[in-house]
Amino acid sequence: MASSHDADATGITRRKSLAAIAGAGALGLAGCTQSGDGGDGGDELSGPINIAGSSTVFPLMSAVMEDFANEHPGVDPDISSTGSGGGFSNFFCTGDTDFNNASRPIQPEEEELCAENGVEFVELIAATDALTVVVNPDADFVDSLTTEELAQIWEADPAQTWDEVRDEFPNEEINRFGAADTSGTYDYFIEAILEERGHTSDYQATEQDNTIAQGVAGDQYAIGYFGFAYYSQNPDQLKALGIDDGDGPVEPSLETASSGEYIPLSRPLFTYPSIESLGEEHIAEFARYFVEQTTNEELVAGDVGYVPATEETQEEQMSILEDAIEQAQG
Amino acid sequence: MATDNANADGFGEVSRVRGIVFEYLSLGASVFGLVALGVLLVYVSIDAFDLANASPVWLLTYFLTLVVPFLAFCLYSANDPAVTRRALGVLGGGLVAVAAVFTAIETLLVPIPRLNWQLAYLFVVGAPVTAYLTYVGSGERVGAVGFGFLGRLLGGAALGLAVGTLFLVFDSLVWFLAYTLGVVPAVALYAFGSARSVPQAQTAALPAGLLGVVAAVFLRGVVPTYPSDLLIYLWTIAIPVAAAGAFAVAERRGRTAAAVVAGVPLALAAAGGFAAAGAGLPAPTVLLVLVLTGVPTAVYVSRVVDAGEGLVGFALPVLLVGGVVAGALIVEALGVPAPDPWLDPSFLTEAPSQTPTEAGLYPAIVGSVIIIAMVAVLSFALGVGTSVFLEEYTPGSGPLGTLTRIIQVNVANLAAVPSVVYGLLGLGLFANLLGLGIGTAVTAALTLSLLILPITIISAQEAIRSVPDDLRRGSDAMGATRWQTTKNVVLPEAMPGILTGTILALGRAIGETAPLIMIGAATTVFRAPDSLFSRFSAMPMQIYVWAGFPQADFRYGVVAAGVITLLIILVGMNGTAILLRNRAERGN
């Protein structure tokens, strides 16, 4: 503060210079302020998206979410892998999630639960999966099974040894690895193969495909079933069986599933947006984005391992979705 | 056990067989557990750092540039010919032994997957020798200075990152108001009171502070404009930390030195913060890391320089950084293929992805850190409160004494209740009944606090019970009230034990998955949580779902990187708590 030295001569007093410094400081600080509401405004999409449900749909949905989150920095999506049934009964039908993924259609009791809580929804087809029956690569005796033989292995009162299923099979115990009963894969397997014969409880039940794969890979006489994605990523680890529904055995693959040859185990995968949630713009936009992505060959088939939807299906789904959005945003 | 075969005539014969068998059985038990854990950790590290693809030349280069200088530093510090001989003997003999045993197993028995003898040598001989020498070296002056210096650098950086992470969730504006209106006046009043001997001012400090904090909460919505986050952190954290540092130095060296020791790092940190803001980096975190690293380090350096011993120790960080740089240059020059670790900086800063190479853990790390911070505070407060009440205030006899004992038995039983049950409790009580939301961070923190509460209570009770009654009686005899005895005698004496119990319990909480699944915590989130009521994911949840992915890269590489990250954070957390505990022990 040299100014105080010759204050009289120049008219600059200590007080004045202090005031000037304070003023400059205040101006400087003003550039470093923020407002209290912290909002980032604008018409950029923002808000949370909560999704739960099927572990089969999880990789597909989570891949789509990742891309959507990268495109819209304001959107905060999260996803839980709870199993189709667990997601409906614990989270979706109680109004806590915006979407529920399912590897089978919603069941009547779940619809009732949703109705009780006033949760309305629409059904969208996400992709097609080829439910794959696998055995150990060393199991040379079997390459395909008929649907009847498959039912004998998995029904409520199942065959205990392989030779009970077909005479030329070895007299060895069958070790079963399958989906847990909270899983949509379990429900779909019953619907497609077992029907009223019921599912055996004499098996290793799990939500983790990895556990099924490890179990089957470590046991020459084991059998298991899960979604196609796991098999398509690890084709050498396990052997997929052809399924014979009366027209000769058909191996599971993206081609046979999309052409409709791989029956009865090719199944549609679903996601169920809640109509109330579609009233929020960022969720509606995400639903549209998801339906657009269902025909994306590279994402659905390449990254995840499911059969992409056809253009026709996509158009149908989009119009169902637009109707629902209109109803919600009315 | 002479009575086992008692002989009325004299001492007689005592069989030592049982004793020897017992000794070896306990040795076997400890070796089994440790070896199994060791093998698991070795394989996880190999996967996480892609060491299976590291060429022997690459390993040798870094061994020579990084590990050997470090060992030499430790040996120099230990300055003990016997230790040096032993270490060199083990390193040399181990090389031959491991190579021979490994080759023998591979040729005669089974091939060992994803290991070669060089790696086996590093893990079986290199790692234990390094740990031993670190321990021996840090006991002497030079090593103590080196590790103290390094520890303050690393610890300050970690603390800065952790505080920065917490402010992602906690509202920095409320903190700014609470600090300005509550903490500052309270501290000022207290300091004024003790400096001028005005007890009224000291008494008024706490109410004034509380009033300020309450006012801050109300004013938060009213005040429209705030300083930027950088200025808030500068004012509320950087300046107080620097002031504390200056205070510590001022007592010893006088005011000028104090101003330099605290002011230079503060100025550097502030400059770094503004530079980071200009460069588009997260400026508040840069400021926090710089100031929490700089001030303690500067204070430490000034203290060591004053003591004038072991100054060579300051070379340790230089040695390590130099080793890494030299290794990288040599590897580059030789064109040796370097491994491509899964655990790299982008893994720690990116969001999860469907592509294994792009997958990151950042949102889950933030979620876990925030939850564990809240759990630590909650369970410590609730646990210590309960145990002090049960031990110090409840009567030991009569109907109330019986009630106390019943409660204690039930607390002990609660420690054995499966974690899923606590998850259900959390879902019903916190998420639905209290309406804190399904899968929110606050629900998770409360649930996990309840989960570890019995463990915290029991260990705190044990610690309080082990304080000798003589101390309490002595305090009583001096005319102290029960509150004064508890505050001045019992709690300081019991604190190391209480902290040990809390550390163990927190270690359990950070790794829990089942209760988080029950309360609906998300498996995968793509953004770090930004409030206590936003959905979050925790590290174990994300690791669990990766372990189920079809791609082998996820199940081996990414999961291993996640596990190592979880372990490092756990060790960091425990390390902090152990430091606090040791400090509490020294305080006695």
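The structure displayed is predicted, hence computed values, not measured ones.

Trainee: Can you explain the overall build of chain A? Please cite residues and give values.
Mentor: Looking only at helices and strands, one finds 15 helices and 14 strands in chain A. Expressed as a percentage of the 330 residues in chain A, the buried residues total 53%. In chain A, the share of contacts with a sequence separation of at least 24, taken over all contacts with a separation of at least 6, comes to 72%. For chain A, the exposed surface amounts to about 14,500 Å²; the carbon and sulfur share of it is 45%.

Trainee: So what's going on with the pairing of strand β8 (residues 175–179) of chain A? Residues and values would help.
Mentor: Residues and elements named next belong to chain A. The buried count for β8 comes to 4 of 5 residues, which makes it a mostly enclosed element. Sheet topology note: the β8/strand β10 (residues 222–226) ladder contains 3 bridges and is parallel. Among the inter-strand pairings, N175 is bridged to a residue of β10, identified as A222.

Trainee: How would you explain the packing of aromatic side chains if you had to name every residue and give the values?
Mentor: In this structure the tally under the stated criterion is 33 aromatic pairs over all chains. Grouped by ring-pair contacts, the aromatic residues F58(A), F347(B), W546(B), F549(B) and F554(B) constitute a single cluster.

Trainee: Tell me about the pattern of salt bridges, residues and numbers included.
Mentor: By the definition in use, this model includes 23 salt bridges over all chains. Across the pair R166(A) and E168(A) runs a salt bridge whose closest N-O atoms are separated by 3.8 Å. Among the residues examined, R166(A) registers a relative accessible area of 23% and is labelled partly exposed. For E168(A), a relative accessible area of 60% puts it in the exposed group. Measuring nitrogen to oxygen at the nearest pair gives 2.5 Å for the salt bridge that ties R114(B) to D47(B). Highlighted residues: R114(B) in the loop between α3 (81–108) and α4 (117–138) and D47(B) in helix α1 (residues 17–48), separated in sequence by 67 residues. Overall, R114(B) belongs to the partly exposed group, its relative accessible area being 39%.

Trainee: Could you give an account of the environment of G246(A), with specific residues and numbers?
Mentor: For G246(A), the location among the structural elements is in the loop between β12 (242–244) and β13 (249–250). Between the alpha carbons of G246(A) and E148(A) there is a distance of 9.8 Å; along the sequence they are 98 residues apart.

Trainee: I'd love a proper account of helix α3 (residues 58–71) of chain A, names of residues and values included.
Mentor: Because each turn of an α-helix spans 3.6 residues, side chains separated by three or four positions end up pointing in the same direction. All names here are of chain A. Taking 1.5 Å of rise per residue, the 14 residues of α3 would be expected to cover 20 Å, and the 20 Å separating its terminal C-alpha atoms lies within 8% of that figure. Where burial is concerned, most of α3 is hidden: 11 out of the 14 residues are buried. Regarding α3, the residues found buried are F58, P59, L60, M61, S62, A63, V64, M65, E66, F68 and A69.

Trainee: Got a sec to walk through a negative patch on the surface? Specific residues and values, please.
Mentor: Residue and element names in this part refer to chain A. Residues E109, E111, E112, E116 and E123 make up a contiguous surface patch of negative charge. Relative to the helices and strands, E112 resides in helix α5 (residues 108–116). Here E112 falls in the exposed class, since its relative accessible area comes to 53%.

Trainee: Run through the sheet that holds strand β11 (residues 239–240) of chain A, naming residues and quoting values.
Mentor: Residues and elements named next belong to chain A. The strand order across the open sheet formed by 5 strands is β9-β8-β10-β6-β11, and the pairing between neighbours is mixed. Looking at the sheet topology across the chains shown, the edges are occupied by β9 (204–206) and β11. Note: strand β6 (residues 132–135) against β10, 4 bridges, orientation antiparallel. Residue pairing across strands places T132 opposite F226, the latter belonging to β10. In the packing of helix α8 (residues 184–194) onto the sheet, contacts are made with β8 and β10, and the angle to β10 comes to roughly 105°.

The rules behind each value
Position numbers for residues start from 1 in each chain and track the written sequence from start to end. To read the labels, note that chains go from A and ligands from 1, taken in the order they are written. Since the coordinates come from a predicted model, pLDDT governs what is reported: local features require at least 70, and pairs of side-chain atoms require 80 or more to be given and counted, while whole-chain, interface and lining totals use all residues. Side-chain numbers here rest on the full set of heavy atoms in the structure, without hydrogens or water. Elements are defined by DSSP. Helices are runs of H or I of four residues or more, strands are runs of E of two residues or more, and each kind is numbered from the N terminus. Partly exposed residues are those whose accessible area sits between 20% and 50% of the maximum for their type, while under 20% is buried and over 50% is exposed, using a 1.4 Å probe and protein chains only. By the convention used here, residues are in contact when the closest approach between their heavy atoms is within 4.5 Å. Methods summary: accessible areas were calculated by the Shrake-Rupley approach with a probe of 1.4 Å, and residue burial reflects only the protein chains presented. Pairing between two strands requires that DSSP report at least two bridges joining them. Pairing of aromatic rings covers Phe, Tyr and the six-membered ring of Trp, with a centre-to-centre limit of 6.5 Å; geometry is then stacked below 30 degrees between planes, edge-to-face above 60, and tilted otherwise. Any carboxyl oxygen of Asp or Glu within 4 Å of a side-chain nitrogen of Lys or Arg constitutes a salt bridge here. Helices are assigned an expected span. That span is 1.5 Å times one less than the residue count. Note on patches: the residues involved have over 30% relative accessible area and no salt bridge, like charges join within 9 Å, and the nonpolar side chains Val, Leu, Ile, Met, Phe, Trp and Tyr join within 5 Å. Residues scored as charged are limited to Lys and Arg (positive) and Asp and Glu (negative), so that His and the chain ends carry no count. Charge positions come from single atoms, namely NZ of Lys, CZ of Arg, CG of Asp or CD of Glu. Geometry is summarised by axes, namely lines fitted to C-alpha atoms with helices restricted to the contacting stretch, and by angles between N-to-C directions that run from 0 to 180 degrees.

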